[in-house]
Amino acid sequence: MEDIGKKVDRLVAIQKQTEELKNEKELLEAELLKSFEADTENTKLKTVKYPGSFGEASVTMADSVKLTLPTLLREVLKKGYSDLVKEEIKYTMTEPAKRMLVAVYNRELFRGMSFSEAIDKLPCDDKAKKSLMKKLKGAKFETDVKNLVKIGGLSEEDAQDYAYMLREIKDWELFSKLMALNGVTSEAAIEGVMTDIDGAVVSERTPKITVTAY
């Protein structure tokens, strides 16, 4: 544990140094931009190189363009539009959809109890439960854990266990509502949809390290 503690302390130190270097980098870049603006004023220059003792910095004014009214541009360019503009379909999932699909893919769904029923069974008094009913969302795990500890008076370990359960209940509620909306209600049909989802998405888990200085 002592060896792990030293590694954590080193990570904290590195994070502080990284943040300090990032701030210094942004300040230096701001100074270069000021010089660039002065050196290119009333000129058509788009790139200026500034030499140093160990290298050089190149400042370039990059041009970019984004479509805001593609239909209008299509009308303006007419026949040449398809040669100049590549149209592609992009699918972006919402955060609730991502959480739900990950839960379905990993079969991390808690059935048989509603979200409000789960909160009502928490080991805390009624006043805390009433407050937690408004605070707990089953979406952000860390936030739910903090509220369970702070408002419910639970230990960190118990709060994590309940937060996991609440997330699994919330994911199941969303998934079951979606199934009901599509007329899928039998257990066999729901399991069939889950199997189809296994082939439609891929969920991978990779470790993530978060360092907090204190």
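For every chain, the first residue of the written sequence is number 1, and numbering continues from 1 onward in sequence order. Only residues with pLDDT of at least 70 are given local features in this predicted model, and only at 80 or more are side-chain atom pairs given and counted; all residues enter the totals for whole chains, interfaces and linings. Think of the side-chain values as coming from all heavy atoms in the structure, minus any hydrogens and water.

Draft legend 1. Structural context of a negative patch on the surface. Taken together, E117, D120, D125 and D126 make up a surface patch of like negative charges. Strands are runs of DSSP state E lasting at least two residues, helices are runs of H or I lasting at least four, and both sets are numbered from the N terminus onward. Secondary-structure assignment places D120 in helix α5 (residues 115-120). Distance thresholds for patches are 9 Å for like charges and 5 Å for nonpolar side chains (Val, Leu, Ile, Met, Phe, Trp, Tyr), applied to residues having over 30% relative accessible area and no salt bridge. All accessibility values rest on the Shrake-Rupley procedure with a 1.4 Å probe; residue burial counts only the protein chains present in the view. By convention in these notes, a salt bridge is any Lys or Arg side-chain nitrogen within 4 Å of a carboxyl oxygen on Asp or Glu. None of His or the chain ends enter the tally, which takes Lys and Arg as positive and Asp and Glu as negative. Charge positions come from single atoms, namely NZ of Lys, CZ of Arg, CG of Asp or CD of Glu.

Draft legend 2. Quick peek at the packing of helix α8 (residues 156-181) against helix α9 (residues 187-200). The axes used here are C-alpha line fits, helices contributing only the stretch in contact, and every angle between their N-to-C directions lies in the interval 0 to 180 degrees. Contact pair α8 / α9: the axes reach a minimum separation of 11 Å and the direction vectors enclose 105°. Compared by their axis directions, α8 and α9 come out roughly perpendicular. Every residue of α9 that contacts α8 at W172, F175 and M179 is listed here: I190, V193, M194 and I197. Each residue is assigned to one of three groups, with Ala, Val, Leu, Ile, Met, Phe, Trp, Tyr, Cys and Pro labelled nonpolar, Asp, Glu, Lys and Arg labelled charged, and all others, Gly among them, labelled polar. Here the contact of α8 with α9 is composed, by residue class, of seven nonpolar, no polar and no charged. To sort the angles, those under 35 degrees are grouped as roughly parallel, those over 145 as roughly antiparallel, those from 65 to 115 as roughly perpendicular, and the leftovers as oblique. Whether two residues are in contact is decided by their heavy atoms, any of which lying within 4.5 Å being enough.

Draft legend 3. How the structure looks around the pattern of salt bridges. Under the counting rule described, the total for this entry stands at twelve salt bridges. When the shortest N-O distance is used, the salt bridge between K22 and E26 registers 2.7 Å. Separated by four residues within a single helix, K22 and E26 lie in helix α1 (residues 2-40), roughly one turn from each other. With a shortest N-O distance of 2.7 Å, E29 and K25 are connected by a salt bridge. Residue E29 and its partner K25 are both found in helix α1; the two are separated by four residues, about one turn of the helix. Here the term buried applies to any residue with accessible area under 20% of the maximum for its type, exposed to any over 50%, and partly exposed to those in between, with areas from a 1.4 Å probe on protein chains only. Residue classification places E29 among the partly exposed residues on the basis of a relative accessible area of 37%. Given the relative accessible area of 49%, K25 is considered partly exposed. Several salt bridges converge on common partners, so that one network encompasses R111, E187 and E191.

Draft legend 4. Inspection of unusual backbone geometry at higher detail. The phi dihedral of N42 is positive, around 60°, even though this residue is not glycine. Following the sequence through the fold, N42 ends up in the loop between α1 and β1 (47-51). Of the residues examined, N42 reaches a relative accessible area of 79% and is grouped as exposed. Although it is not a glycine, K78 adopts a positive phi angle of roughly 50°. Position of K78 relative to the elements: it lies in the loop between α2 (70-77) and α3 (81-84).

Draft legend 5. Layout of the side chain of S203. Position of S203 relative to the elements: it lies in the segment after α9. Ignoring any residue separated from it by four or fewer positions in sequence, one finds S203 in contact with V102, Y105 and N106.

Draft legend 6. Summary view of α9. Here a helix's expected span is defined as the number of its residues, less one, multiplied by 1.5 Å. Given a rise of 1.5 Å per residue, 14 residues ought to cover 20 Å, and the 20 Å separating the end C-alpha atoms of α9 matches this to within 8%. Along α9, the residues classified as buried are I190, M194 and I197. When α9 is viewed along its axis, its buried side chains cluster within an angular range of 55° and face the same direction. Facing away from the buried side of α9, by more than 90 degrees, are the exposed residues A188, D196 and G199. Residues of α9 that are buried make contact with α4 (95-105) and α8. In this description, the arc belongs to the directions extending from the helix axis to the C-beta atoms.

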